[in-house]
Structures are given as structure tokens and as C-alpha cells.
Amino acid sequence: MGFLNFLIMTCIFVVSLCFLFAKDTEDERKELDNESITKIYRYLYFIAANSFFAAVLFDRFGWLIFVTLFSYIGLLICRKKQESKKPVVIKFSLIALFFIVALVPSYQDSFENHVSRKEMYKCVTYECVKISTYVNAENEVETTAELLPITRSIYEWRLFYAMGYLELENSEGNKEEFKGINIAGFWIEY
């Protein structure tokens, strides 16, 4: 079902992009005047500014940074056409770079939250709970919960990326490690 949803959304996205960049018709030019474009521009600016600060100030609303990015793209589209494409490309590159930097989390909990999103781990402060499900010798499904203390935790934030390391140890002394790098808000384990 996930692939089908992805395929349908891709088709909708491509069709809407075609409508977005299609040539203006004479009827559309008659409907829109400078005042309506100014209102749209102000509205997009309002959305971009508020969604950016909400994403930065409130961790749970990190997805709003993408609303900011799309609003800013709308602001660039509303601007008057320039003779050269170079300034627009430079502006867009700088804004994209700014968003990449803004999306990199600067706090250690982000890596622990990433580990907690895995199916069998839930980390809270200084320890994690590992939930395992298996089939025993009698063909019954069993679920066990094991408390694993965090023995080592490292988080390094850089301007364009962040690196996280988490080491868990069970009661038998076996260690499990998680290493990840965050680029533009996405954790990639290695």
C-alpha cells in the first residue's frame, strides 16, 4: 500500500508542477492585478516567517521548516523577473543552505529519539528498554522487555551535520552500539 500511495502522490505532484509552471493565459492576467499579487506575497511572507520560527522554537513542529521552504519558493516566484538567472540561483542556493543548517538538530536528545523510533527500543534519559518478540520452542509468541543502561553517549554538532553515538549494555555485559550522522534533519546510521 505504501508504494501505491507513493506512486499516486508522485503523479499528483508532477501534474501540479505542470500547472504551476504552465504559461499564463490572458484570462489569468485579467483576473490578477498588482494588488492581489502583493497580498499573496505578504501572505507567503507571513507563513514563511511564522512557520520558520515555530520550527526553530518548538521541536515537535520541525516539519514546519518545509512549509517555510515552500513559502519562500512562492515568494521567489512572485518577484519581478530579472535579466539574469544568476542572482535567483545564488539566492535559492543560499536559502537551501540556510535550511540545511537549520534542520540539523543541536541537542543530544535528537539521536536518542531516533534510536527510540526503532521498533524495539525506547530510550528515556539514562537507559533504554529493548522489547523483543520471538517464537519459543512450543510455537508460542513471547515478548520480553530488557532494561539496558546507556553506558556511553556522544553527540557532536557541526554547522552542516551532527554525529551521534549511543552504547547500551545488557546484564550479561554484551554491548549494542548505534552510530549515526544527521544531514538536513535526517539521521543515517552507519
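Residues numbered from 1 in each chain as written. Predicted model: local features only at pLDDT ≥ 70, side-chain atom pairs only at ≥ 80, totals over all residues. Heavy atoms only, no water.

## Comments concerning the state of the cysteines
Inspection of every chain in the model, using the stated rule, returns one disulfide. Put simply, Cys123 and Cys128 are joined by a disulfide, and their sulfur atoms are 2.0 Å apart. One disulfide, between Cys123 and Cys128, carries an S-S torsion of 100° and so falls in the right-handed class. As far as the burial class goes, Cys123 and Cys128 line up, both buried. (Disulfide = S-S within 2.5 Å. Buried < 20%, exposed > 50% of the residue type's maximum accessible area, 1.4 Å probe, protein only.)

## Focus: the sheet that holds strand E3 (residues 141-157)
Taken together, six strands build an open sheet; the order of strands is E1-E2-E3-E4-E5-E6 and the sheet is antiparallel. The open sheet is flanked by strand E1 (121-124) and strand E6 (186-189), the only strands paired with a single partner. Between one strand axis and the next, the sheet turns through 30° on average, direction left out of account. Sheet topology note: the strand E5 (residues 175-183)/E6 ladder contains four bridges and is antiparallel. Its bridge partner lying in E6, Ile183 is registered against Phe186. Where helix H6 (residues 109-116) meets the sheet, it contacts E1, E3, strand E4 (161-169), E5 and E6, and its direction lies at approximately 155° from that of E1. (Pairing = 2+ DSSP bridges. Helix = DSSP H or I, 4+ residues; strand = E, 2+ residues; numbered from the N terminus. Axes fitted to C-alpha atoms, helices over the stretch in contact; angles between N-to-C directions. Contact = heavy atoms within 4.5 Å.)

## Digging into the pattern of salt bridges
Tallied over the entire structure, the rule returns three salt bridges. When the shortest N-O distance is used, the salt bridge between Arg158 and Glu156 registers 3.3 Å. Look at Arg158 and you get partly exposed, because its relative accessible area is 38%. (Salt bridge = Lys/Arg side-chain N within 4 Å of Asp/Glu carboxyl O.)

## Considerations on a nonpolar patch on the surface
Together, Ile90, Leu94, Leu97, Ile100, Trp157, Leu159, Phe160, Tyr161, Ile183 and Ile188 make up an exposed nonpolar region whose accessible area comes to about 890 Å². No other element matches helix H5 (residues 86-103), which puts four residues into the nonpolar patch. Note on placement: Trp157 falls in strand E3. The exposure class of Trp157 is partly exposed, given its relative accessible area of 38%. (Patch = residues over 30% accessible without salt bridge, like charges linked within 9 Å, V, L, I, M, F, W, Y side chains within 5 Å. Areas by Shrake-Rupley, 256 points an atom, 1.4 Å probe, with all protein chains shown as cover.)

## Some remarks on the nonpolar core
Residues Phe111, Val115, Tyr121, Leu166, Leu168 and Phe178 are the most contacted members of the largest nonpolar core, which totals 14 residues. For this core, the secondary structure elements donating two or more residues are H6, E1, E3 and E4. When residues no more than four places from it in sequence are discounted, the contact partners of Phe178 are Phe111, Val115, Lys118, Tyr121, Gly164, Tyr165, Leu166, Leu168 and Glu189. Counting ten residues, the second-largest nonpolar core is a separate cluster that includes Phe52, Ala54, Ala55 and Ala184. (Core = buried A, V, L, I, M, F, W, Y, C linked by side-chain atoms within 4.5 Å.)

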